[in-house]
Amino acid sequence: MNGPPAPGDNQQPHLLRRFGLLQATALNMSNMIGIGPFITIPLLMSALNGGGPQAMLGWIVAVAISIADGMVWSELGAALPGSGGSYVYLREAFGRETFGRLMAFLFIWQFILSGPLEIASGYIGFAKYFGYLWPHMTPAQTNWLIAGVGALNIVLLYRQISSIGRITVALWVGTILTTVAVIFTGLRHFDSKLAFDFPAGAFDFSLGFCFGLGAASRIGVYDYLGYYDICYIGEEVREPGKVIPRSIILSIAAVALIYFSMNLSIIGVVPWREFVPAEGNPKADFVVSLFMEKIYGKNIAFAFTVMVLWTAFASCFALLLGYSRIPYAAAQDGGFFKIFGRLHLKKRFPHASLLVIGLIAVACSFLPLGAVIDALLTTRILVQFIGQVAAVVLLRRRAPNLARPFRMGLYPLPAVLALAGWLFIFSTSGLKFIAYGLGTLGLGFGAFLLWAAHTRRWPFASGGKSDAPGSELNEGV
């Protein structure tokens, strides 16, 4: 414990601050790398102008968005280091008892829809690569595999945070070894003619090019998601004002280099035309295994596939760890069901929230991967990512004296770039998923009004505080 318990709170267990820079960076990178680049390379290569290496422009756009948005997360996470991340930032920036209550509710609403989808994408990728080890696996056996992996993830996280930090680093080491093996192998056998085999009209600019770049960028953004994972457990971080921004920046820089090198390594050995288009192509399910098989044969490819499975599991582990803290923080604040705010009396972790999020993620794992990626992004962009850009601006204006251990440079340029990037990703997602994102937001707003009316809270009853966003923060500074 960092200091004595608060008065009147002697019986309430508290989260422990055990995550330093190493553990925080490991958590972020395990989440970011995960199964993403191993399973999305065929999708990426199929996205732009009929397919080809020009689609790597999508990853460049994605890393630009991630860097700008990482500045937003860093400033918010350093200033407001509490469990729940975005829930805390939106609530405080928009007004704790007024619009902040609405934004925080909408965040939890979209999180219940998008958070488990992101974890589920890892389970889907795990099952696809397991198909290389077990080629004749039936759909029923695949479902049992997913359920078993999801259950194991919950069991490993059902423990005290001190041991979780060690597990996180161990999984991260496996992830790094896997990616280094791909990059090193690819560099030794790299064929530039294969890697830069651009099709005719690869860079012909048109409206279709813009939508294709948007599709490639969505896949890239999905691969980078997780650079902020440590923010969800800010209450468990040592020196959060330093550790959170540094871990975010280090994670983005390292993973950007890893992704670019890994992608070039693979397409410099395996011709992209063999797995493009990705849809309906069995080779697209485990392209990295085929990469190792082409060089070393099946036995080494089998062993390496096990390493990919380790990486996929590490990503799911990191996601479930961070996301299980979000309903916990909301319940502690009175904005969600009380049962989610319970900590295990002996092991000190939010066990109810962990079980619910973990089980929903398993249920979502039976959806198609492409739909999972598009749905989770269009659901999350409007409230969380765009909302947080607004939160940075509001806090700068409404709470100028708030302690900010980290301030983004060249403000407000990074925030503007992040906003433009998220609007580009959302607007090129296709009418079906745009409608899905707007529809879930509308349903969330309606649910908030019903909840507020039932509990007689704002906007149906005075909260007793100013309606100005950020006024609660100003009261304490």
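Let me begin by describing the structure that accompanies this report. Keep in mind the model is a prediction, meaning the values are calculated, not measured.

Turning next to the overall build of the chain. Along the backbone of the chain there are 17 helices and zero strands. Scaling as 2.2 N^0.38, a compact globule of 477 residues should have a C-alpha radius of gyration of about 23 Å, and the chain matches this with 22 Å. If you sum the accessible surface of the chain, you get close to 18,800 Å²; carbon and sulfur atoms cover 66% of it. Distance between charge centres in the chain, computed from 34 positive and 23 negative side chains, equals 7 Å.

Let's shift gears to the side chain of serine 324. Looking at where serine 324 falls in the secondary structure, it is placed in the loop between α11 (298–323) and α12 (325–332). Excluding its chain neighbours within four sequence positions, the residues that come into contact with serine 324 are Pro350, Ser353, Leu354 and Ile357.

Across the interface, helix α10 (residues 287–296) lies against α11 with an axial gap of 8 Å and an inter-helix angle of 150°. Between α10 and α11, the crossing angle belongs to the class labelled roughly antiparallel. Note that α10 runs across α11; the crossing there is right-handed. For the pair α10 and α11, the contacting residues are Val288, Ser289, Met292, Glu293 and Tyr296 in the first and Lys298, Ile300, Ala301, Phe304, Thr305 and Val308 in the second.

Estimated volume of the largest pocket: approximately 530 Å³. If you trace the largest pocket, you find 29 residues lining it, with Ile39, Ile124, Ala127, Lys128 and Asp285 closest to the centre. By residue class, the composition of the lining of the largest pocket is 18 nonpolar, eight polar and three charged.

Topologically, isoleucine 373 is positioned in helix α14 (residues 369–398). Residue isoleucine 373 is classed as buried on the basis of its relative accessible area of 3%. In this structure, the C-alpha to C-alpha distance between isoleucine 373 and isoleucine 219, residues 154 residues apart in sequence, is 7.6 Å. Those residues in contact with isoleucine 373, other than ones at most four positions away along the chain, are Thr40, Leu43 and Tyr222.

It is worth spelling out a nonpolar patch on the surface at this point. Judged by side-chain polarity, Leu57, Ile60, Phe190, Phe196, Phe198 and Phe203 come together as a nonpolar surface patch covering roughly 540 Å² of accessible area. Within the secondary structure, leucine 57 sits in helix α3 (residues 57–79). On the basis of relative accessibility, which here comes to 30%, the residue leucine 57 falls in the partly exposed class.

Quick look at the environment of alanine 78 now. Positionally, alanine 78 belongs in helix α3. A C-alpha to C-alpha distance of 8.6 Å links alanine 78 and glycine 234, two positions 156 residues apart in sequence. Other than its neighbours up to four places away in sequence, alanine 78 contacts Pro240, Gly241, Ile244, Pro245, Pro405 and Phe406.

This paragraph deals with the packing of aromatic side chains. If you walk through the whole model with that rule in mind, you get 22 aromatic pairs. Summarising the aromatic geometry, the rings of tryptophan 73 and tyrosine 228 are spaced 4.3 Å apart at their centres and angled 10° between planes, so their arrangement reads as stacked. Note that tryptophan 73 is positioned in helix α3 and tyrosine 228 in the loop between α8 (207–224) and α9 (240–267), a separation of 155 residues in sequence. Assessed through its relative accessible area of 0%, tryptophan 73 is described here as buried. Given the relative accessible area of 0%, tyrosine 228 is considered buried. Pairing phenylalanine 99 with tryptophan 458 gives two aromatic rings, centres 4.9 Å apart and planes at 65°, and the pair type is edge-to-face. Taken together, the residues span a long stretch of sequence, with phenylalanine 99 in helix α4 (residues 86–133) and tryptophan 458 in the loop between α16 (431–455) and α17 (471–475) at a distance of 359 residues. On the basis of relative accessible area, tryptophan 458 is assigned to the buried category, the value being 15%. Pairwise contacts between aromatic rings join Trp73, Tyr89, Tyr227, Tyr228, Tyr232, Phe385 and Trp422 into one cluster. Lying across the ring of tyrosine 411, arginine 396 places its NZ or CZ 3.9 Å from the centre.

All right, on to empty space enclosed by the protein then. Under the criterion given, the structure shown has two cavities of 30 Å³ or more. Put simply, the parts of the chain that give the lining of the largest cavity at least two residues each are α1 (21–33), α4, α8 and α11. Partitioned by chemical class, the residues of the lining of the largest cavity number six nonpolar, six polar and two charged. Its boundaries defined by the atoms lining it, the second largest cavity holds a volume of some 50 Å³. Lining the second largest cavity we find Leu106, Trp109, Gln110, Thr379, Val383, Gly437, Thr440 and Leu441. At the level of elements, α4, α14 and α16 are the ones that each hand at least two residues to the lining of the second largest cavity. Residue classes in the lining of the second largest cavity are distributed as four nonpolar, four polar and no charged.

Per the counting criterion, the structure on display carries 11 salt bridges. Between arginine 396 and glutamate 75 there is a salt bridge, with the nearest N and O atoms lying 2.9 Å from each other. With arginine 396 in helix α14 and glutamate 75 in helix α3, the pair connects residues that are 321 residues apart, well separated along the chain. With respect to class, arginine 396 is no different from glutamate 75; both count as buried. Arginine 91 is paired through a salt bridge with glutamate 92; the nearest N and O atoms lie 2.6 Å apart. Counted as one network, the salt bridges with shared partners bring together Glu75, Arg396 and Arg404.

Turning our attention to unusual backbone geometry. Note the cis peptide between valine 276 and proline 277, where omega equals 0°. Within the fold, proline 277 resides in the loop between α9 and α10. Here the amide bond leading from tyrosine 411 into proline 412 is cis, since omega sits at 5°, within 30 degrees of zero. Checked against the element boundaries, proline 412 lands in the loop between α14 and α15 (413–427). Positive phi, normally seen in glycine, also occurs at glutamate 239, with a value near 45°. Relative to the helices and strands, glutamate 239 resides in the loop between α8 and α9. For glutamate 239, a relative accessible area of 53% translates into the label exposed. Residue leucine 410 is not a glycine yet carries a positive backbone phi of 55°. With respect to the helices and strands, leucine 410 occurs in the loop between α14 and α15.

Parameters and conventions
- Residues numbered from 1 in each chain as written.
- Predicted model: local features only at pLDDT ≥ 70, side-chain atom pairs only at ≥ 80, totals over all residues.
- Heavy atoms only, no water.
- Helix = DSSP H or I, 4+ residues; strand = E, 2+ residues; numbered from the N terminus.
- Rg over C-alpha atoms; globule rule 2.2 N^0.38 Å.
- Areas by Shrake-Rupley, 256 points an atom, 1.4 Å probe, with all protein chains shown as cover.
- Lys, Arg positive; Asp, Glu negative; His and termini not counted.
- Charge placed at Lys NZ, Arg CZ, Asp CG, Glu CD.
- Contact = heavy atoms within 4.5 Å.
- Axes fitted to C-alpha atoms, helices over the stretch in contact; angles between N-to-C directions.
- Parallel < 35°, antiparallel > 145°, perpendicular 65-115°, else oblique.
- Left-handed = near helix turned anticlockwise from the far one by under 90°.
- 1 Å grid on protein atoms, 1.4 Å probe; cavity = no way out; pocket = protein on both sides within 12 Å on 5 of 7 lines; lining within 4 Å.
- Points joined across faces, edges and corners; volume = space filled by probe spheres on them.
- Nonpolar A, V, L, I, M, F, W, Y, C, P; charged D, E, K, R; others polar.
- Buried < 20%, exposed > 50% of the residue type's maximum accessible area, 1.4 Å probe, protein only.
- Patch = residues over 30% accessible without salt bridge, like charges linked within 9 Å, V, L, I, M, F, W, Y side chains within 5 Å.
- Salt bridge = Lys/Arg side-chain N within 4 Å of Asp/Glu carboxyl O.
- Phe/Tyr/Trp six-rings, centres within 6.5 Å; stacked < 30°, edge-to-face > 60°.
- Lys NZ or Arg CZ within 6 Å of the ring centre and 35° of its normal.

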